[in-house]
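Chain and residue survey
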Amino acid sequence: MGDTPGASSYCAGDQRVRRERGCGGETVSDQSASGEARGPVATLRRIAFLMERQREESRRIEAFRNAARTILPLPEDEVRRRAETGTLTELAGIGPSTAAVITDACNGIVPERLVKLEKTAGPLATGGEELRARLRGDLHSHSDWSDGGSPLEEMAMTAMELGHDYLVLTDHSPRLRVANGLSAERLTRQLGVVDAVNEHLGGSFTLLKGIEVDILDDGSLDQTDEMLGRLDVRVASVHSKLRMDAGPMTKRMIGAVRNPHTNVLGHCTGRLVTGNRGMRPQSQFDARAVFTACAEEGVAVEINSRPERRDPPTKLLELARDLGCLFSIDSDAHAPGQLDMLDHGAARATEAGIDPDRIVTTWERDRLLEWAASRL
Ligand SMILES: [Zn+2]
Ligand SMILES: [Zn+2]
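Residues numbered from 1 in each chain as written. Chains lettered and ligands numbered in written order. Predicted model: local features only at pLDDT ≥ 70, side-chain atom pairs only at ≥ 80, totals over all residues.

Per an unreviewed UniProt entry, the protein chain goes by PHP domain-containing protein and derives from Nocardioides glacieisoli.

What follows is the structure, encoded as C-alpha cells:
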C-alpha cells in the first residue's frame with residue numbers, strides 16, 4: 001500500500017501532522033491481520049477510517065478524529081503518562097471511550113473496538129479489484145472548508161496512505177450555501193494552503209486544486225472564469241432544481257459540458273438510491289444528447305462511487321460507454337475513510353465493460369493534468 005513520500009512529518013498552516021513511524025503499524029490502510037498494535041494516533045485514525053468507509057454516522061466518528069487531533073501535537077511521554085495516571089480525559093476532546101482506546105494503544109493492546117472493525121476491512125465491493133488496482137487517484141473530494149468532516153491535510157494524508165498519486169480537492173462553490181460553498185476569496189485562501197501542503201509532501205503524491213462547481217439554472221458555472229482557470233480540475237454538478245423539465249435540464253447540462261473549464265460531469269442524475277438521506281429520483285434529461293456533448297468535448301462522465309448514489313444508473317453508464325465518453329471513477333468523499341469507496345465505482349465500471357484507458361483516473365498525473373487543461 002502507499003508509503004509516505006519524503007518526509008516523516010509535515011506542517012500545514014498551524015496544523016501539525018505527524019506520522020507515527022516506529023510505533024507499530026503506521027498507516028490507516030495497513031491491514032492489521034497480525035493484530036499488531038499501533039500507536040495511539042494511528043489507532044484512533046484507523047478506527048475512524050474503518051467507520052467512515054462503512055458510512056457510519058459522522059457524529060459517532062468525530063470523537064475519534066477529535067481525540068487524534070488532540071494528542072497529535074503532544075509528546076509521546078505525556079500521552080503515556082496521562083494514560084498511566086488516568087488523566088487523558090482532562091484534555092479537551094477526549095472522553096472515556098477514546099481515553100480507553102488510547103490507553104490500550106499505549107499498552108500495546110489492540111482495542112476491542114478495532115478488533116471488531118478490522119473484520120470489515122476487506123474490499124467494499126467485488127469484481128472490480130483489477131481495475132481498482134489501476135486507479136491512481138480521485139477527482140472529487142470534500143474537506144471541512146465546505147461540507148466535508150475533516151481538514152484537507154487529513155484527506156491528503158489518507159489518500160496517500162491508500163496509494164493514490166493524486167487527490168483533487170473539490171469543495172463546493174458559493175451558491176451552495178447549505179454546504180458552506182467557497183467564495184472566490186475563500187477558495188483563493190484554500191489554494192495557498194494546498195500549495196503549503198504540497199511543499200511538505202516531497203513530490204510523489206500531489207494534492208490537486210479543484211472545485212465541485214454548481215451548474216446554475218442557465219447552464220453557467222457558479223464561479224468566476226478567472227478562479228476556475230487557476231484550478232487543476234473542475235467537476236461540474238447539478239445540485240438545485242433537480243426536477244426541472246427534461247428540455248431545460250438537457251440545455252442546462254449541455255451548457256456546462258460545453259464550458260471549456262468543465263472536466264468532469266459529476267453525479268449526472270442526482271439520484272439517491274439508499275441511505276439516511278432518503279431516496280431521490282433521477283433528474284430527467286436527454287442522456288444521449290448530454291453524453292454526446294461529453295464525448296465531443298472530452299468531458300469525463302463521473303462514475304460516482306458513493307453507494308447511495310450509484311450514479312449514473314447502469315443503463316446510462318452503458319449508453320455513455322457506447323457513445324465513446326471518458327469516465328472518472330470518483331469517491332465524492334466527505335470524510336477520509338470514504339476515499340476508499342472507489343471499490344464500488346471500480347466494480348461498476350468493470351461490470352459495464354469499460355476500457356480502463358477511457359477512465360481518466362487510471363492515468364498518470366501529468367497525462368491527467370494535460371487533459372484537464374486541454375480546452376482552456
Ligand atoms: Zn455533488
Ligand atoms: Zn461532491
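Quick notes on the packing of helix H11 (residues 287–297) against helix H12 (residues 314–322)
The geometry of H11 relative to H12 is characterised by a closest axis approach of 9 Å and an angle of 45 degrees between their N-to-C directions. Classed by the angle they form, the pair H11 and H12 counts as oblique. As for the relative orientation of H11 and H12, their crossing is right-handed in sense. Along its contact with H11, which presents Ala287, Arg288 and Phe291, the element H12 presents Leu316, Leu319 and Ala320. Considering only residue class, the contact of H11 with H12 consists of five nonpolar, no polar and one charged. (Axes fitted to C-alpha atoms, helices over the stretch in contact; angles between N-to-C directions. Helix = DSSP H or I, 4+ residues; strand = E, 2+ residues; numbered from the N terminus. Parallel < 35°, antiparallel > 145°, perpendicular 65-115°, else oblique. Left-handed = near helix turned anticlockwise from the far one by under 90°. Contact = placed C-beta atoms within 7 Å. Nonpolar A, V, L, I, M, F, W, Y, C, P; charged D, E, K, R; others polar.)

Focus on the UniProt feature "domain: Polymerase/histidinol phosphatase N-terminal" (unreviewed entry) in the protein chain
In this numbering, the UniProt entry assigns the feature "domain: Polymerase/histidinol phosphatase N-terminal" (unreviewed entry) to residues 137–217. This span, residues 137–217, is 32% helix and 19% strand, and a straight line between its end C-alpha atoms measures 31 Å. (UniProt positions renumbered as here; feature names shortened; annotations may be inferred.)

Looking at the environment of His239
Note on placement: His239 falls in the loop between strand E6 (233–237) and helix H10 (246–258). For His239, a count of 21 C-beta atoms within 10 Å gives the class buried. The contact partners of His239, leaving out residues within four places of it in the chain, are Leu176 and Asp214. (Buried ≥ 20, exposed ≤ 12 C-beta atoms within 10 Å, placed from the backbone.)

Quick look at the pairing of E6
E6 sits mainly inside the fold: five of its five residues count as buried. Sheet topology note: the strand E5 (residues 206–214)/E6 ladder contains five bridges and is parallel. Residue pairing for E6: Gly210 is matched across the bridge by Val233. As paired elements, E6 and strand E7 (residues 264–265) share two bridges and run parallel to each other. Across the sheet, Ala236 pairs through a bridge with Leu265, a residue of E7. Taking the sense of rotation as the criterion, the β-α-β connection linking E6, H10 and E7 turns out right-handed. (Pairing = 2+ DSSP bridges. Right-handed = clockwise from strand over helix to strand, strands pointing away.)

So, the packing of H10 against H11
Interhelical geometry of H10 versus H11 gives an angle of 5 degrees and a closest axis separation of 9 Å. The angle between H10 and H11 places the two elements in the roughly parallel class. Facing H10, whose interface residues are Thr250, Met253, Ile254, Val257 and Arg258, H11 presents Ala289, Val290, Ala293, Cys294 and Glu297. The residue inventory of the contact of H10 with H11, partitioned by class, reads seven nonpolar, one polar and two charged.

Notes on helix H4 (residues 96–106)
Of the residues making up H4, those classed as buried are Thr98, Val101, Ile102, Ala105 and Cys106. Relative to the axis of H4, the buried residues are bounded by an arc of 135 degrees and lie together on one face. With its phi angle positive at about 75 degrees, Gly108 sits one or two positions after the end of H4. (Arc of directions from axis to C-beta.)

What to know about the pairing of strand E8 (residues 300–304)
Regular strands have side chains that alternate between both faces of the sheet. For E8, a buried count of five out of five residues is recorded, marking the element as mostly surrounded by other parts of the structure. A two-sided burial pattern is seen for E8, the buried positions comprising Ala300, Glu302 and Asn304 on one face and Val301 and Ile303 on the other. As defined by bridge partners, E7 adjoins E8 across two bridges and the pair is classed as parallel. Note on E8: the bridge partner recorded for Val264 is Ala300. One crossover worth recording links E8 to the parallel strand E9 (residues 326–330) by way of H12, and it is right-handed.

Side note on the domain arrangement of the protein chain
Put simply, an interface is often sized by how much accessible area is lost when its parts join up. Here the domain parsing of the protein chain yields domain 1 (9–118) and domain 2 (129–373). The distance between the C-alpha centroids of domain 1 and domain 2 comes to 31 Å. (Domains from an automatic or database assignment.)

What about the nonpolar core?
A general trend in soluble globular proteins is that nonpolar side chains are found buried together. If you look at the biggest cluster of nonpolar residues, it comprises 95 residues, and the most contacted ones within it are Ile47, Ile102, Ala156, Leu167, Cys294, Val301 and Phe327. Among the domains, domain 1 (9–118) and domain 2 (129–373) are the pair contributing at least three residues each to this core. Ile102 has contacts with Pro40, Ala67, Ile71, Val79, Ala83 and Leu88, leaving out every residue within four places of it along the chain. (Core = buried A, V, L, I, M, F, W, Y, C linked by C-beta atoms within 7 Å.)

Quick notes on the sheet that holds E8
Across the sheet, seven strands lie side by side as E3-E4-E5-E6-E7-E8-E9; this open sheet has parallel pairing. The outermost strands of the open sheet, each flanked by one partner alone, are strand E3 (137–138) and E9. Sheet analysis places strand E4 (residues 166–169) next to E5, joined by four bridges and oriented parallel. Among the inter-strand pairings, Tyr166 is bridged to a residue of E5, identified as Thr206. Where helix H13 (residues 342–351) meets the sheet, it contacts E3, E8 and E9, and its direction lies at approximately 150 degrees from that of E9.

Remarks on unusual backbone geometry
Cis rather than trans, the peptide bond between Asp311 and Pro312 has omega equal to 0 degrees. You can see Pro312 is positioned in the loop between E8 and H12. If you check the backbone angles, Arg55 has positive phi at about 60 degrees while not being a glycine. Within the secondary structure layout, Arg55 lies in the loop between helix H1 (40–53) and helix H2 (58–71). The class for Arg55 is partly exposed, based on 18 C-beta atoms found within 10 Å. With phi around 40 degrees, Arg310 is a residue other than glycine that occupies positive phi space. Relative to the helices and strands, Arg310 is located in the loop between E8 and H12. Of the residues examined, Arg310 has 21 C-beta atoms within 10 Å and is grouped as buried.

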